[in-house]
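The primary structure of each chain is shown beneath.
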Amino acid sequence: MSKIEPTLPAPMAPSRIDFAAVLARQAERDARIAALRPANKERLFDGLTAAGITHVTVSFDGYGDSGQVEGISAYAGETEVACPKTEIAYAALTWDDPEVEMRALSLEDVVEQLAYDLLSDTHGGWENNDGAWGEFCFDAAAHCIHLEFNERFTSSELTAHDF
């Protein structure tokens, strides 16, 4: 009988990372970011109303691991108008600082940031594989953000026959 040496490498040492702690820190950060959103939305809607903007639409499209906002359009009633260059305060957290940072962003930049944040929250990975497209409507009068989301997917159907 011959002795056979193992060909597989020894298993990796157990991880020393406390994944529960990592996930708990991320959940805490997510909660802090979510807590900033209502005031950011309120400042945005107040800024839109003060500028005479009734609603803003944001179209987006993505697939193959890449996605982007395709267009932002502002309206006064049914008339499309230029988005004013007005700046408003926007509260944010950065990755390397636990403190809230107040930024002065244009109305259009706040709309875009909120659209990306809401897409990430509701449909994380929307830009991957077959991707998705859709449109947001920021309704200043109703203080509401409406999302119409279209997910793409590849489908196949197998039919088997025995004769």
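The model shown is predicted, which means the values in this text are computed figures rather than measured ones.

1. A word on the overall build of the protein chain
Moving on, step 1. A count of helices and strands for the protein chain gives two helices and seven strands.
Moving on, step 2. Going from the N terminus to the C terminus, the protein chain shows its helices and strands as α-β-β-β-β-β-α-β-β.
Moving on, step 3. Relative to the globule expectation of 15 Å for 163 residues, the C-alpha radius of gyration of the protein chain, 23 Å, shows a markedly less compact shape.
Moving on, step 4. Referenced to the eigenvectors of the C-alpha coordinate spread, the extents of the protein chain come out at roughly 90 × 60 × 20 Å.
Moving on, step 5. Out of the 163 residues belonging to the protein chain, those deemed buried represent 26%.

2. Considering helix α1 (residues 19–50)
Moving on, step 1. Taking 1.5 Å of rise per residue, the 32 residues of α1 would be expected to cover 46 Å, and the 46 Å separating its terminal C-alpha atoms lies within 8% of that figure.
Moving on, step 2. Where α1 bends most, at R37, the angle is about 25 degrees, and the proline P38 comes one to four residues later.
Moving on, step 3. If you check which residues of α1 are buried, you get R29, L36, R37, N40, L44, F45, G47 and L48.
Moving on, step 4. For α1, the secondary structure elements touched by its buried residues are β1 (55–63), β4 (87–94), β5 (97–106), α2 (107–122), β6 (132–139) and β7 (144–151).
Moving on, step 5. In the segment just after α1, G52 is the residue with positive phi, at about 80 degrees.

3. Re the sheet that holds β6
Each strand in a sheet pairs with its neighbour through backbone hydrogen bonds, running either in the same direction (parallel) or in the opposite one (antiparallel).
Moving on, step 1. Pairing is antiparallel across the open sheet formed by five strands, whose spatial order is β3-β2-β1-β6-β7. Of all strands in the sheet, those with a lone pairing partner are β3 (79–81) and β7, marking the two edges. Averaged over all adjacent pairs, the angle separating strand axes in this sheet is 25 degrees, with direction ignored.

So, how was this worked out
Residues numbered from 1 in each chain as written. Predicted model: local features only at pLDDT ≥ 70, side-chain atom pairs only at ≥ 80, totals over all residues. Heavy atoms only, no water. Helix = DSSP H or I, 4+ residues; strand = E, 2+ residues; numbered from the N terminus. Rg over C-alpha atoms; globule rule 2.2 N^0.38 Å. Buried < 20%, exposed > 50% of the residue type's maximum accessible area, 1.4 Å probe, protein only. Expected span 1.5 Å × (residues − 1). Bend = angle between axes of the 7 residues up to and from the residue. Contact = heavy atoms within 4.5 Å. Pairing = 2+ DSSP bridges. Axes fitted to C-alpha atoms, helices over the stretch in contact; angles between N-to-C directions.

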